[in-house]
Amino acid sequence: MTTHEPFPQEELAKRLKAVRTNMLERQLDGLIVTIPENIYYLTGLDHWGFFACHVLIVPLNGNLTIAARAIEGATVSKQVRNIRFAGHSDTEDPGEFFASIIKKEGLGSARLGLEKKSLFLTAHIAEKLSEGLPGVEWSDISSLIHELRMVQSPLEQNYTRRAAIAADAGTLAAIEALHSGASDYEVAAECHRAMILAGSEYPGFGPFIRSTRRRPGDEHTTWRGDIFENGDSVLLEIGAAYRKYQAPMGRLVYVGSAPVIAEEAAELAIRGMQAIVNAIQPGVTVGHVYDAWHSIAEEAGLGDYHRHHCGYLVGIGFPPSWTGGSSVTGIRRSGDLVLRAGMALHLHSWFTETGRGDYFISNTALVTDTGCEILTNRSPETLQIR
């Protein structure tokens with residue numbers, strides 16, 4: 001039997017110390033953490049039980065407490081050290097139960113930070129916390145742990161690298177399976193097989209496999225039984241995961257033949273990706289990186305063509321997203337986030353529906369001390385026809 005312990009105790013202790021330093025600065029007595037990625041970051045708890053709200057109580061001093069459905073107690077006891085578990089039955093109201101546990105922890109009249117932007121903190125649970133803890137002074141700390149997670153440790157970077165190897169394997173297998181008459185079920189099956197055998201766990205979401213007969217803008221739809229035909233362009237956006245660290249990548253592939261104009265779009269997308277990579281340095285803003293990508297559009301006479309971003313940060317991700325929750329920390333126009341060494345990015349270079357043909361590539365990359373390292377580097381970026 002193998003032991004599943006994604007993080008050494010010294011790394012978890014370092015993270016908790018950083019969180020508590022931040023709590024002191026904000027004059028908080030405790031945190032109520034409900035975002036699964038953040039609970040995993042502080043404890044290593046790795047399971048699918050997060051579909052039902054978990055509450056991690058982080059006091060300024062002392063041990064942590066996880067409150068969740070009672071059925072999760074066995075998993076918590078096997079995976080998490082030095083944390084008290086409190087479980088509720090399925091006939092109990094979880095919000096009332098969580099409020100009672102917070103009181104038992106001596107925080108019934110404290111200054112508490114709450115992750116209000118969590119997908120799993122329902123309006124009902126939030127209302128019950130407010131009703132059951134009238135003496136608490138609440139603060140929204142939705143970004144506190146997220147900001148600490150932005151820069152990955154060497155161990156986390158290694159996990160991202162391993163995920164990227166699996167993403168490349170899945171992408172290459174999907175490309176190989178594409179041909180006229182193939183169904184997107186076949187392509188999805190080969191992609192999953194290769195990705196999993198290369199070491200991937202379940203990703204945050206995807207893979208996305210679809211003909212652009214559905215339009216490139218149908219970004220979050222995937223396989224459904226379509227049969228590919230000659231002349232189709234197929235968007236592949238494949239995400240793999242290792243120890244919950246996500247590595248997405250994307251390619252646009254043509255079946256049978258591609259229009260001549262696709263060559264221009266491919267050239268633009270490849271030049272756009274290189275401009276992004278060249279612009280990435282520790283200390284520059286994401287807005288600067290976006291401008292570098294957009295300069296390629298401007299040079300081609302497409303100055304009015306913009307995307308909502310040309311990439312975003314990735315890291316720990318649980319379903320239903322590989323962005324690590326319900327929000328996206330994007331490489332946006334005029335964005336002021338400053339890049340730091342150790343950040344992992346999903347970089348995009350899209351040129352679609354411009355009148356100049358369609359092409360798309362994306363890669364997972366790391367910000368290094370000296371620039372940018374592409375991790376998904378085995379799948380060709382050049383125009384692919386299958």
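In what follows, the structure referred to is the one given above.
Helix length check: helix α8 (residues 184-197) (14 residues) gives 20 Å between terminal C-alpha atoms against 20 Å at 1.5 Å per residue, within 8%. Along α8, the residues classified as buried are Asp-184, Val-187, Ala-188, Cys-191 and Met-195. For α8, the buried positions fall inside an angular range of 95 degrees around the axis, keeping them on one side. Along α8, exposed side chains directed more than 90 degrees from the buried face belong to Arg-193 and Leu-197. Looking at the packing, one finds that the buried side of α8 touches α7 (154-177), β7 (208-211) and β8 (233-242). Once α8 finishes, Gly-199 follows within two positions and takes phi at roughly 115 degrees, a positive value.

Let us now look at the sheet that holds strand β3 (residues 64-69). Pairing is mixed across the open sheet formed by six strands, whose spatial order is β4-β3-β2-β1-β5-β6. Here the strands that pair on one side only, and so sit at the sheet edges, are β4 (83-88) and β6 (137-140). Sheet twist, expressed as the average angle between the axes of neighbouring strands with direction ignored, equals 20 degrees. Pairing geometry for strand β2 (residues 55-59) and β3, over three bridges, is antiparallel. Directly across from Leu-56, in β3, lies its bridge partner Ile-66. On the sheet, helix α1 (residues 9-26) packs against β1 (30-33), β2, β3 and β6 and is oriented at approximately 70 degrees with respect to β2.

How each quantity is defined
Residues numbered from 1 in each chain as written. Predicted model: local features only at pLDDT ≥ 70, side-chain atom pairs only at ≥ 80, totals over all residues. Heavy atoms only, no water. Helix = DSSP H or I, 4+ residues; strand = E, 2+ residues; numbered from the N terminus. Expected span 1.5 Å × (residues − 1). Buried < 20%, exposed > 50% of the residue type's maximum accessible area, 1.4 Å probe, protein only. Arc of directions from axis to C-beta. Contact = heavy atoms within 4.5 Å. Pairing = 2+ DSSP bridges. Axes fitted to C-alpha atoms, helices over the stretch in contact; angles between N-to-C directions.

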